[in-house]
Amino acid sequence: MKKIFFIIIISLLWSNVVFAKVLKFVCEEKFYRSNEGKIINTGDLLLLRIDLDKNEIWEYDDSNIDYHKFKIDPERSNYDAYVAWDYVEEMKQREQPDTAVEFNRWTGEYQSDRGGSWGFSRYWCKPINKRLY
């Protein structure tokens, strides 16, 4: 019995099985480009949540005290990045329709272009392993 348990544990460690279904990151804005082309270095913080079960990316913005949910496009996402080209259904009514966000899984770079009057932001993200309280 111990031998079977040991074989199962070793096979799980050697496989590419991912147990985390929700990934969480804290992201610092490196630059923001407005629609007029003006570049601003704000240093704002963003909490990013990637839910792989629901195929959603959540942005929690500390400066606007708001959140945005995007649906991950499985056809455009790949081994390197999670890509979303649209909001989830419940957010489409209140948000601009032209949007694109991308999270690079290797570098931790997150790009957010919400279209309309928003502009473009680029962030560098670090994983959050646990809560602070």
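As shown above, the structure is provided for reference.
Residues numbered from 1 in each chain as written. Predicted model: local features only at pLDDT ≥ 70, side-chain atom pairs only at ≥ 80, totals over all residues. Heavy atoms only, no water.

Bringing the state of the cysteines into the picture now. Here the structure, examined in full by the defined rule, presents one disulfide. A disulfide bridge connects Cys27 with Cys125, and the sulfur atoms are separated by 2.1 Å. In this structure the cystine formed by Cys27 and Cys125 twists about its S-S bond by roughly 105 degrees; its chirality is therefore right-handed. Pair noted here: Cys27 is in strand 1 (residues 22-33) and Cys125 is in strand 9 (residues 120-127), with a separation of 98 residues, a long-range link. Residue classification places Cys125 among the buried residues on the basis of a relative accessible area of 11%. (Disulfide = S-S within 2.5 Å. Helix = DSSP H or I, 4+ residues; strand = E, 2+ residues; numbered from the N terminus. Buried < 20%, exposed > 50% of the residue type's maximum accessible area, 1.4 Å probe, protein only.)

As defined by bridge partners, strand 1 adjoins strand 9 across eight bridges and the pair is classed as antiparallel. In the sheet register, Tyr32 faces strand 9, and the bridge partner there is Ser121. Where strand 8 (residues 109-113) and strand 9 come together, five bridges link them in antiparallel fashion. Bridge assignment links Asp113 to a residue of strand 9, and that residue is Phe120. (Pairing = 2+ DSSP bridges.)

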